[in-house]
Amino acid sequence: MSVRKVFADALERAANGRELSREDLQVLLGADEQESTSLFELADEVRSRFVGEEVHLRGLIEFSNYCTGNCLYCGLRKNNRSLVRYRMSPEEIMESARRAADLGCRTIVLQSGEDRYYTAEDLAELISRMKGELDVAITISIGDRTRTEYELLKEAGADRYLLKFETSDPRLFSALRPGTTLEERLKRIAWLKELGYQVGSGNIVGLPGQSLEILVGDILLLRRLGVEMAGIGPFIPADGTPLERFPPGDLEQVLMTLALVRLVLPRAHLPATTATATLDSQGRLRALKCGANVIMPNMTPQSYRENYRIYPGKLGIGEMPEESYAKAVKMVESAGRRVSRDYGHGYRVREALKTGSGIS
Ligand code: SAH
Ligand code: SF4
């Protein structure tokens, strides 16, 4: 059978809602330019059918860039001494969240490096204050903590947790995230699910040492985990890290991965990531057209955001939160879509709310 025929067959299986095999995914990921156009169109159709035309804007607050982790790819790693470190006070975080909610964000994402300066009790207090004062859902993205800590944050009112597995290959994982294992990361994802969080995960596309097989493994792992959100972004070499001289991930490969994740997880929330925008000025718009339905405008105060330097050239460094929000709205409109006004919960909560089974 010709390569084109193999591709067409795999695409047809996807279009008919059949479960894609490892081989199918491998063929689809290897698409040439013409083929990828039909893959993107299918992903866009599936996105429209399962999650509709609305795009959810999640206001991202990067509240601390201190990190005890030493991930080889990340500019926040503890061995990067060239970075000016900052922590926002609970009052500053609240103020940023108010600003984001006033602008229209119905979800606040609280992200930081691995920073134990904030105890789970401190964060729980902040979360319950935020939930009490503002009409928002809250996503936490602060990396590895104990089960008890996750539980405390959930009880305080956190709705979602974002913990990317980054790569599905155990050896690559431990090489890139020294002192940690994929098994432990996955155990944490399982805890978060058990605790009732809407769980998000994801990978980095184009990591040094990542093969096509590993990338297919990432997509299969996202399906196996049944995540409700998946962040898919390119590797961007960061100054001051051991990987600073490696090439960045490839935009087309990122978009193909995103499109395939839309096919295997039709009801998931998939952001058009900031890293994709950093790689290419059209990156986010293109992502919206091949499966994405979320944008995370940066709501970190202008004075801090330049130091949340996970990778260089990050989009919107000099902007005020209002500008970042307005740009996201414009992007949604230019894609012919509309900004959602609801919380944009994961599909399990959406289903439960529809059938009135009492999950809020
Ligand atoms: N410390 C937390 C959350 C902050 S890091 C954690 O590690 O879970 C947020 C995300 O930034 C990570 O999940 C990773 O996918 C991404 N990231 C870090 N360095 C990157 C790089 N050089 N290129 C692309 N994405 C990167
Ligand atoms: Fe720290 Fe997260 Fe960056 Fe790793 S990816 S160095 S844990 S901020």
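The sections below set out a description of the structure shown in this document.

## Quick look at the environment of Tyr197
At step 1: Assignment of secondary structure puts Tyr197 in the loop between helix H8 (182–194) and strand S5 (198–205).
At step 2: In this structure Tyr197 comes out as buried when scored by relative accessible area, which is 4%.
At step 3: For Tyr197 and Tyr161, which are 36 residues apart along the polypeptide, the C-alpha to C-alpha distance reads 6.3 Å.
At step 4: Discounting residues that sit within four places of it in the chain, Tyr197 has contacts with Tyr150, Leu153, Lys154, Ala158, Asp159, Arg160, Tyr161 and Leu192.
At step 5: Side-chain polar atoms of Tyr197 contact the backbone oxygen of Tyr150, separated by 2.7 Å.

## As for the site of ligand 2
At step 1: Every residue lining ligand 2 is accounted for by Cys67, Cys71, Tyr73, Cys74, Leu76, Arg77, Gly113 and Glu114.
At step 2: Of the residues assigned to the shell around ligand 2, the class counts are 5 nonpolar, 1 polar and 2 charged.

## Considerations on helix H1 (residues 3–15)
At step 1: Over its 13 residues, H1 runs 18 Å from end to end, which matches the ideal 18 Å to within 8%, given 1.5 Å per residue.
At step 2: Restricting attention to buried positions, one finds in H1 the residues Phe7, Asp9, Ala10, Leu11 and Ala14.
At step 3: Where H1 is buried, its residues contact helix H2 (22–29), helix H3 (33–51) and helix H10 (251–264).
At step 4: Immediately beyond the C-terminal end of H1, within one or two residues, lies Gly17, with a positive phi of roughly 75 degrees.

## Comments concerning H8
At step 1: The terminal C-alpha atoms of H8 lie 18 Å apart, and with 13 residues this matches the ideal 18 Å at 1.5 Å per residue to within 8%.
At step 2: Residues of H8 that are buried include every one of Leu182, Arg185, Leu186, Arg188, Ile189, Trp191 and Leu192, and no others.
At step 3: With its phi angle positive at about 95 degrees, Gly196 sits one or two positions after the end of H8.

## Here we look at the pattern of salt bridges
At step 1: Within this structure, the stated rule accounts for 25 salt bridges.
At step 2: With a closest N to O distance of 2.8 Å, Asp144 and Arg185 form a salt bridge. Taken as a pair, Asp144 in the loop between strand S3 (137–141) and helix H6 (147–156) and Arg185 in helix H8 lie far apart in primary sequence, 41 residues in all. Note on accessibility: Asp144 and Arg185 belong to one class, buried.
At step 3: Salt bridges here are not isolated pairs; linked through shared partners, they connect Glu91, Glu95, Arg98, Arg129 and Glu133.

## Description of the packing of aromatic side chains
At step 1: In total, this model carries 6 aromatic pairs according to the counting rule given.
At step 2: Taken together, a centroid distance of 5.4 Å and an interplanar angle of 85 degrees make the contact between Tyr117 and Tyr118 edge-to-face.
At step 3: Ring centres of Tyr161 and Tyr197 lie 5.7 Å apart, and the angle between their planes is 85 degrees; this geometry places the pair in the edge-to-face category. With Tyr161 in strand S4 (residues 160–162) and Tyr197 in the loop between H8 and S5, this pair connects stretches of sequence that are 36 residues apart.
At step 4: Judged by its relative accessible area of 0%, Tyr161 is buried.

## Observations concerning the site of ligand 1
At step 1: The immediate surroundings of ligand 1 are formed by 17 residues, with Tyr73, Lys164, Glu166, Arg185 and Ile236 found nearest.
At step 2: Residue Ser112 places a main-chain N or O atom 3.2 Å away from a nitrogen atom belonging to ligand 1.
At step 3: One of the backbone N or O atoms of Ile236 is found 2.7 Å from a nitrogen atom in ligand 1.
At step 4: For ligand 1, whose unbound accessible area comes to 540 Å², protein coverage reaches 92%.
At step 5: Across the shell around ligand 1, the residue classes tally to 9 nonpolar, 5 polar and 3 charged.

## Structural notes on the pairing of strand S1 (residues 54–64)
At step 1: Across the 11 residues that make up S1, a large majority, 10, are buried.
At step 2: Relative to strand S8 (residues 338–339), S1 runs parallel, the two sharing 2 bridges. Opposite Val55, over in S8, you have Val339 as the bridge partner.
At step 3: Two strands pair when backbone bridges link them, and S1 and strand S7 (residues 294–295) are joined in this way by 2 bridges, in the parallel orientation. Across the sheet, the residue bridging to His56 is Val294, located in S7.
At step 4: Bridge analysis of S1 against strand S2 (residues 107–112) gives 6 bridges, and the strand direction is parallel. Along S2, the bridge assignment pairs Gly59 with Ile108.
At step 5: In this region the chain leaves S1, passes through helix H4 (residues 90–103) and returns to the parallel neighbour S2; the handedness of that crossover is right-handed.

## Comments concerning the packing of helix H9 (residues 212–225) against H10
At step 1: Two numbers describe how H9 lies on H10: the axes approach to 10 Å, and their chain directions differ by 30 degrees. Classified by the angle their axes make, H9 and H10 are roughly parallel. You can see that H9 and H10 cross each other, and the crossing is right-handed. Contact with H9, carried on its side by Leu212, Leu215, Ile219, Leu222 and Arg223, involves Gln253, Thr257, Leu260, Val261 and Val264 of H10 and no other residues of that element.
At step 2: Its residues assigned to classes, the contact of H9 with H10 shows 7 nonpolar, 2 polar and 1 charged.

Here is what the cut-offs are and how they apply
Residues numbered from 1 in each chain as written. Chains lettered and ligands numbered in written order. Predicted model: local features only at pLDDT ≥ 70, side-chain atom pairs only at ≥ 80, totals over all residues. Heavy atoms only, no water. Helix = DSSP H or I, 4+ residues; strand = E, 2+ residues; numbered from the N terminus. Buried < 20%, exposed > 50% of the residue type's maximum accessible area, 1.4 Å probe, protein only. Contact = heavy atoms within 4.5 Å. Polar contact = N/O pair within 3.5 Å; in protein donor to acceptor, adjacent residues only side chain to side chain. Near = heavy atom within 4 Å. Nonpolar A, V, L, I, M, F, W, Y, C, P; charged D, E, K, R; others polar. Expected span 1.5 Å × (residues − 1). Salt bridge = Lys/Arg side-chain N within 4 Å of Asp/Glu carboxyl O. Phe/Tyr/Trp six-rings, centres within 6.5 Å; stacked < 30°, edge-to-face > 60°. Areas by Shrake-Rupley, 256 points an atom, 1.4 Å probe, with all protein chains shown as cover. Pairing = 2+ DSSP bridges. Right-handed = clockwise from strand over helix to strand, strands pointing away. Axes fitted to C-alpha atoms, helices over the stretch in contact; angles between N-to-C directions. Parallel < 35°, antiparallel > 145°, perpendicular 65-115°, else oblique. Left-handed = near helix turned anticlockwise from the far one by under 90°.

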